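Residue-level structural notes
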Amino acid sequence: MFPSLTTFKNSAVLGRLFAASLALSACIAAPSHADDAFNVIDDRGVAVAVPVQPKRIASVSYFAADVALALGIKPVAATYMVEGRSPDFLGGHLDGVKQIGQRATPNLELLAEAKPDVTVAIRRYTEGNADQYQKIAPYLAYSLELFADSDRTIGQLATILGDTKRGQELNAEFKADLASFGEKAPKDKHPRFVVMWGGDTPWVFRSENMTAAILVALGAENIAGQNPTPSVPDNWGMEMSLEAMLEKDPEAIFVYDYGPDRPHENNPIWQQLSAVRNGRVHYVGDHWVEAHGPIAREMVLREAAHFLYPDVFPAIDVKVEARKIIPRQ
């Protein structure tokens, strides 16, 4: 499900996103019952036999934890983004859940100790160890980068977890919220922005990326633009030197907060950027990095609206707002 074309200021971007959503949805086979298991095709194109309504969910990345919590299921294991940092957007509900390592390098022994019924992971980090994951529990790998990835993966995982209806409701609610926020956003302002990982040469995200797409839906202009070669897979980001960034001079910068190491700030060009000079650099939380889940994307939408238009949209307490979505455990 996607917002109406009228909610986006850049209809060309949405057109491509909408087409991508339809194409990707068509590639995902609906689960079919076989005795006591679902046969599910994940984003590797692999058929995986998953127990009907699994209860013990392991989340390699926050996506599965996000979906499970929104459905009232507490995961039995999860990775982290930054060690020791509990994500506010999951409302504190991962406190006490078995931590199995950083999302790119989870500890498979700890995963096995959690005895999951199913492990749900980001494809790019885990596909190389698919056989090892599968020996522990049925393993599903998802490509979670594009706006088009969100509804379809939430819908499929909700069905696997036994609550297709709630998955559909979550998608419909986000569609309505995105349209509502887009309508309230000022029609005469289109602040230039960039979403980036920090580094000597920042990595920036194109408009098809989930987080960037939400900002575009709010009427902002992404200086990274959209993918110029849609036929090329995984072309949703690129390196952008600070010299090139200065030429486009974003008014708002969103930096994925990965800890205290911020080498981009040591470059004298950084201080010349309008967003830096005007105090509009936002070091954003884990939900901005993994925005595909039903809770994360709602929190990004609300925070992004405030950061872009602080006179129109109020600041939020992410943990408080997230707990409104998560059923009482």
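Details of the structure are given in the entry above.
We now turn to the structure provided with this report. (Residues numbered from 1 in each chain as written. Predicted model: local features only at pLDDT ≥ 70, side-chain atom pairs only at ≥ 80, totals over all residues. Heavy atoms only, no water.)

1. With respect to the overall build of the protein chain
Broken down by element type, the protein chain carries 13 helices and 14 strands. Expressed as a percentage of the 329 residues in the protein chain, the buried residues total 55%. A sequence separation of at least 24 residues applies to 63% of the contacts in the protein chain between residues at least 6 apart. Here the protein chain displays about 13,800 Å² of accessible surface, and carbon together with sulfur accounts for 50% of that area. (Helix = DSSP H or I, 4+ residues; strand = E, 2+ residues; numbered from the N terminus. Buried < 20%, exposed > 50% of the residue type's maximum accessible area, 1.4 Å probe, protein only. Contact = heavy atoms within 4.5 Å. Areas by Shrake-Rupley, 256 points an atom, 1.4 Å probe, with all protein chains shown as cover.)

2. What about unusual backbone geometry?
Not every positive phi belongs to a glycine, and Ser61 is a case in point at roughly 95 degrees. Position of Ser61 among the secondary structure elements: in the loop between strand S4 (57-60) and helix H2 (63-70). The exposure class assigned to Ser61 is buried, which follows from its relative accessible area of 2%. Phi is positive for Lys115, which is not a glycine, with a value near 50 degrees.

3. Focus on the pattern of salt bridges
Pairing between side chains becomes possible if they bear opposite charge and their charged atoms approach one another. All told, the structure shown has 17 salt bridges when counted by the stated rule. Across the pair Asp43 and Arg152 runs a salt bridge, and its minimum N-O distance is 2.8 Å. Of this pair, Asp43 sits in the loop between strand S2 (37-41) and strand S3 (47-51) while Arg152 sits in helix H6 (residues 148-160), and the two are 109 residues apart along the sequence. For Asp43, a relative accessible area of 12% translates into the label buried. Where Glu169 meets Arg166, a salt bridge forms, and the shortest distance between an N and an O atom there is 3.2 Å. With Glu169 and Arg166 both in helix H7 (residues 164-184), this residue pair falls three residues apart, about one helical turn. The exposure class of Glu169 is partly exposed, given its relative accessible area of 32%. (Salt bridge = Lys/Arg side-chain N within 4 Å of Asp/Glu carboxyl O.)

4. Let's talk about the environment of Arg323
Within the secondary structure, Arg323 is located in helix H13 (residues 318-325). In this structure Arg323 touches Gly91 and His93, once residues within four positions along its chain are discounted.

5. Side note on the packing of aromatic side chains
Scanning all chains against the criterion turns up 14 aromatic pairs. Relative to Tyr256, the ring of Phe205 has its centre 5.4 Å away and its plane inclined at 45 degrees; by these criteria the two rings are tilted. With a gap of 51 residues between them, Phe205 in strand S10 (residues 203-205) and Tyr256 in strand S13 (residues 252-256) connect regions that are remote in the sequence. The same class applies to Phe205 as to Tyr256, namely buried. Each ring, one from Phe254 and one from Phe307, has its centre 6.1 Å from the other, and the planes form 45 degrees; the classification is tilted. Taken together, the positions of Phe254 in strand S13 and Phe307 in helix H12 (residues 294-308) put the pair 53 residues apart, joining distant regions of the chain. Taken individually, Phe254 and Phe307 each receive the classification buried, so the pair is uniform in this respect. (Phe/Tyr/Trp six-rings, centres within 6.5 Å; stacked < 30°, edge-to-face > 60°.)

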